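The chain contents come next:
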Amino acid sequence: MDKGAVGSLAGEAVAARPSWDEYFMEITEVVSKRSTCLRRQVGAIIVKERQILTTGYNGAPRGMEHCLTIGCLRQELGIPSGQRHEICRGLHAEQNAIVQAAYHGVCIKGSTIYCTHQPCFICAKMIINAGLVRVIYANGYPDELAVGAFAEAGVELLSFVRS
């Protein structure tokens with residue numbers, strides 16, 4: 001049997017199953033497709049004991065117009081990526097995943113958050129205070145304050161590498 005195969009179906013090789021990190025990161029990428037941000041589509045899922053607890057993507061709060069509809073204020077004002085986060089209609093994917101847990105009464109303490117992008121400093125502080133213990137991200141983001149905060153708080157920060 002092929003080394004990449006784990007079994008067969010009607011005599012054909014079946015591809016190897018993804019690792020848990022690969023599985024959850026693929027789901028995170030699908031979640032990001034719901035984003036209503038004009039600049040960057042970001043997704044996040046919170047997982048504990050191999051169970052998805054909540055998901056989040058970046059976009060405007062419930063009941064508010066999305067940037068897809070009315071445009072991006074940050075873009076109109078020429079604000080560079082990574083700066084002045086408070087001038088944005090949307091919440092970040094990580095924030096939405098944490099808020100969804102609170103909204104539905106789901107305990108996320110001790111969980112892992114998978115993100116399509118490294119969290120910013122604001123999200124890092126929320127992740128730390130929510131009691132998450134591990135962050136796995138697929139794409140970098142230029143925020144050294146976040147990296148330092150995770151290190152200081154003892155939250156494991158891992159860059160996802162697809163095998």
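About the cut-offs
What you see as residue numbers is a count from 1 along each chain, following the sequence as written. Per-residue local features of the predicted model are confined to residues with pLDDT of at least 70, and side-chain atom pairs are confined, for both listing and counting, to 80 or more; whole-chain, interface and lining totals are unaffected and use all residues. Hydrogens are left out, water is left out, and the side-chain values use all remaining heavy atoms of the structure. Put simply, a disulfide is two cysteine sulfurs that come within 2.5 Å. Three labels apply to residues, based on accessible area from a 1.4 Å probe with only protein chains included: buried if under 20% of the type maximum, exposed if over 50%, partly exposed otherwise in between. To qualify as a helix, a DSSP run of H or I must reach at least 4 residues; to qualify as a strand, a run of E must reach at least 2; elements of each kind are numbered from the N terminus. In this analysis, strands are considered paired if DSSP registers two or more bridges between them. Any Phe, Tyr or Trp ring, taking Trp's six-membered ring, that has another such ring centre within 6.5 Å forms a pair; planes under 30 degrees apart are called stacked, those over 60 apart edge-to-face, and the others tilted. Side-chain atoms within 4.5 Å link the members of a nonpolar core, which is a set of buried Ala, Val, Leu, Ile, Met, Phe, Trp, Tyr and Cys residues. Any two residues having at least one pair of non-hydrogen atoms within 4.5 Å are treated as being in contact.

What follows covers the state of the cysteines. Simply put, disulfide is the name for a covalent bond between the sulfur atoms of two cysteines. Tallied over the entire structure, the rule returns zero disulfides. Counting only cysteine sulfurs, Cys123 is the nearest neighbor of Cys120, a cysteine outside any disulfide, at a range of 3.8 Å. For Cys120, a relative accessible area of 2% translates into the label buried.

Strand E3 (residues 43-48) sits mainly inside the fold: five of its six residues count as buried. Pairing between E3 and strand E4 (residues 51-57): six bridges, direction antiparallel. Bridge assignment links Lys48 to a residue of E4, and that residue is Gln51. As consecutive antiparallel partners, E3 and E4 are separated by two residues, and within that stretch Glu49 has a phi angle of approximately 50°, a positive value. Relative to strand E5 (residues 112-117), E3 is paired through four bridges, and the arrangement is antiparallel. Considered in E5, the bridge of Ile45 is made with Tyr114.

Further remarks concern the packing of aromatic side chains. One pass over the full model with this rule turns up four aromatic pairs. Where Trp20 meets Tyr23, the ring centres are 5.8 Å apart and the plane angle is 85°; that geometry is what we call edge-to-face. One end of the pair, Trp20, and the other, Tyr23, are both in helix H1 (residues 20-32), three residues apart, so they sit about a helical turn from each other. Taken together through their ring pairs, the aromatic side chains of Trp20, Tyr23, Phe24 and Tyr114 make up a single cluster.

A word on the nonpolar core. Counting 18 residues, the largest nonpolar core has Ile46, Ile113, Ile127, Leu132 and Val135 as the members making the most contacts within it. Put simply, the parts of the chain that give this core at least two residues each are E3, helix H4 (93-104), E5, helix H5 (121-129), strand E6 (134-139) and helix H6 (144-153). For this core, the element with the most residues is H4, which contributes four residues. Look past the residues within four positions of Val135 in its chain and what remains in contact with it is Ile113, Cys115, Pro119, Ile127, Phe150, Val155, Glu156, Leu157 and Leu158. Ranked by size, the runner-up nonpolar core spans eight residues in total, among them Phe24, Val47, Tyr114 and Ile136.

Nothing here speaks to function; it is geometry throughout.
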